[in-house]
Structures are given as structure tokens and as C-alpha cells.
Amino acid sequence: MTLSNNRTLDILQKAEAGGYGIVAQTCYDAGMAKALVRAAERNKSPAILQLFPITLQAGKGPFLQYCLTLAHNASVPIAVHLDHATDPEHLELSIGLAEKEGIKFDSIMVDASHADNEAENIAIAVPYIKRCVAQGIATEVELGRLEGGEAGLREITGGMLTDPANAETFMKETGAHILAPSYGNLHGSYKFIGGPKYKLEILKDLQQRFKGRIPYLCAHGTDELPDQLWRDLVESGVSKFNINSWARDPYCESLSKSLASNPFPDAEEEAIEAFAKVCDKFMDLLGSKGKA
Ligand SMILES: [Zn+2]
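Reading the values: rules and limits
Residues numbered from 1 in each chain as written. Predicted model: local features only at pLDDT ≥ 70, side-chain atom pairs only at ≥ 80, totals over all residues. Heavy atoms only, no water. Pairing = 2+ DSSP bridges. Helix = DSSP H or I, 4+ residues; strand = E, 2+ residues; numbered from the N terminus. Axes fitted to C-alpha atoms, helices over the stretch in contact; angles between N-to-C directions. Contact = heavy atoms within 4.5 Å. Donors = N, O, S within 2.8 Å, 3.2 Å for Na, K, Ca; no water. Buried < 20%, exposed > 50% of the residue type's maximum accessible area, 1.4 Å probe, protein only. Phe/Tyr/Trp six-rings, centres within 6.5 Å; stacked < 30°, edge-to-face > 60°.

Caption draft 1: Here's a closer look at the sheet that holds strand 8 (residues 238–243). In spatial order, the strands read 1-2-3-4-5-6-7-8; together these eight strands close into a barrel with parallel pairing. Shown here is a sheet whose adjacent strand axes are inclined to one another by a mean of 25°, direction ignored. Examined bridge by bridge, strand 1 (residues 22–26) and strand 2 (residues 47–51) share three bridges and lie parallel to one another. Note on strand 2: the bridge partner recorded for Ala24 is Ile48. Across the sheet, helix 3 (residues 53–72) is in contact with strand 2 and strand 3 (78–85); its angle to strand 3 comes to roughly 165°.

Caption draft 2: A look at the environment of Cys27. With respect to the element layout, Cys27 can be found in the loop between strand 1 and helix 2 (30–42). In this structure, the C-alpha to C-alpha distance between Cys27 and Ala180, residues 153 residues apart in sequence, is 19 Å.

Caption draft 3: Molecular detail of the coordination of the zinc ion. Around the zinc ion, the protein supplies His84 (NE2), His187 (NE2) and His220 (ND1) as donor atoms, at distances of 2.0 to 2.1 Å. Within one chain, the residues serving as donors to the zinc ion are arranged as H-x102-H-x32-H. Here His220 lies in the loop between strand 7 (216–219) and helix 8 (227–235) and His84 lies in strand 3, a separation of 136 residues in the sequence. Of the two residues examined, His84 and His220, each falls in the buried class.

Caption draft 4: Structural view of the packing of aromatic side chains. Per the counting criterion, the structure on display carries nine aromatic pairs. Between Tyr28 and Phe52, the aromatic rings sit 5.8 Å apart at their centres with planes inclined by 90°, giving edge-to-face as the arrangement. Of the two residues, Tyr28 is situated in the loop between strand 1 and helix 2 and Phe52 in the loop between strand 2 and helix 3; the sequence distance between them amounts to 24 residues. Here Tyr28 falls in the partly exposed class, since its relative accessible area comes to 22%. Note on Phe52: relative accessible area 0%, which makes it buried. Consider the rings of Trp230 and Trp246, whose centres lie 6.2 Å apart with planes at 65°: the pair is edge-to-face. With Trp230 in helix 8 and Trp246 in helix 9 (residues 245–258), this residue pair connects regions lying 16 residues apart in the sequence.

Written as C-alpha cells, this is what we have:
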């Protein structure tokens, strides 16, 4: 389904065409949101500010509006995305805010990858995707299934790799705009399987099929990846990179340490800078620095 002037799609279209990747950073609070925007502005980089449903549920419309105002008034293009909306209540909350109050994410991941099969995945996702498109909101879907879990998300077991031939039909039938494929990636730590063992040929196949058009490819499960693998993913056609613990953990550590001896505003500022420094690193590594 087509969408004109969608901020997420505009950012990803330019990244895919330019051969660089976009930091899509999970933010759990206002300090993290400020830190991402700070990093994007000083690196002259586009970015995506991501929320988990659990954060949206806590802050509802006012917090989403805060993130939208912060992101959309930045000096560089920043979109606001809802990651892993799996439960009907989260989908209703996020789409309802758009429909009833005009508070709209730029994009939402309508995640029905927990469905028993592909037909059920499509059947669950399509009605939500249609409502998103009617509001000008782009959508991301997952085909195959990623194992693991992150703070604030469902724990998933029984991973399945994405079949690229299927993916073409799936994307046509869902009408979604961003694809999160399963290529050996998982949420959380790779240390239990002896490090990431990616099947980049799945991504390269998808890249050939979708190059220069919707859907754009998104990498989930980026914890602990070595620098070279990020570059390999960009080369294999990934334009959206979901990043969470890399920046979140230094933020939390800095805040908790600093609060022992500093007043809150000083401790918060240190934490924001610790978070922003991690974003600096990935904007450089993914090549988005200087592209805004
Ligand atoms: Zn994910």
C-alpha cells in the first residue's frame, strides 16, 4: 500500500539508495529520547526513535506527543516508530491515538509473527495495516520468527528462518512497508549459541528481490555484534537497525552511579551523554553520519 510523505519511509528510502544504515534506537524514557536526538543532530544523521509498547502504555498520548515533537522539530530527519506491537491492546492503543486524537507514530511494527502459520500471520496483521495506512502510518512486519526476548517484550521460542521466495508473496499480501526477516538473528544475547551465525544469503536474496523499492529491510537482535557484521548487514541491503541494550545499559549504569554523589540534573546529563556517545558510534559505523 502506498504512502506519500511518510517520514520513516523517506529516511529508509534514502538510506537504502545511499548504501548506509539507520540507527533505530529504543528509548524507554525522556532522557533517552533527548540523547538520541542530540546524537543525530551533532552527527548530521537521520535516525529513528523507537518505543516499546510497554513504554507507550505507561506514557500514553502525552509521552508519544513529547517524542514526536522532539523528533520532528530536530534539525535532522527523525521518525518515531513503535516496535513489536504484538498484543491487540497495544495495537488498539497506538492506532487509536492516531484515529481519535491525531497523535500518530510515523511507523508501527504490526507483529503477528507469533501466529501458528503464515496465513494466520497475514490474517491478524492486514486489518491493522489497513488502519495504519489510512492514517498515513507506515508498517513493519516480521516473517519467520526470531527467538529470545528483550526488557519489556514477550519471550519467543521456536525460531524459524525466512524463506525469501515466500517473503515476496507475504509482503504483497500484507501490504506492509518494512520487513524484519529471520536470518539467524535473535533477541538478547548470542553467547548461549557461541556468537551470531548469520545466513547473510537470505538477506542478499531479499535485497535482489526488493532493491530500490518497498519493503525496506530491518535488522532485529543486534546485541554483541562485531563491527564488521554491521557493515555486512548494510551491504546485504539492511537499512533499519534496531538497537537497544548498547545505549540503554551505559545510560542506566551512568545514572545509577552518578546519582550516588550528584544531584539529579547533573546525573541525568551524564547519562544522556553516555547514551548519545553510543549513538555517535553507530551513526559512524552504519555510515549515516553527515547524510542529513
Ligand atoms: Zn526486535
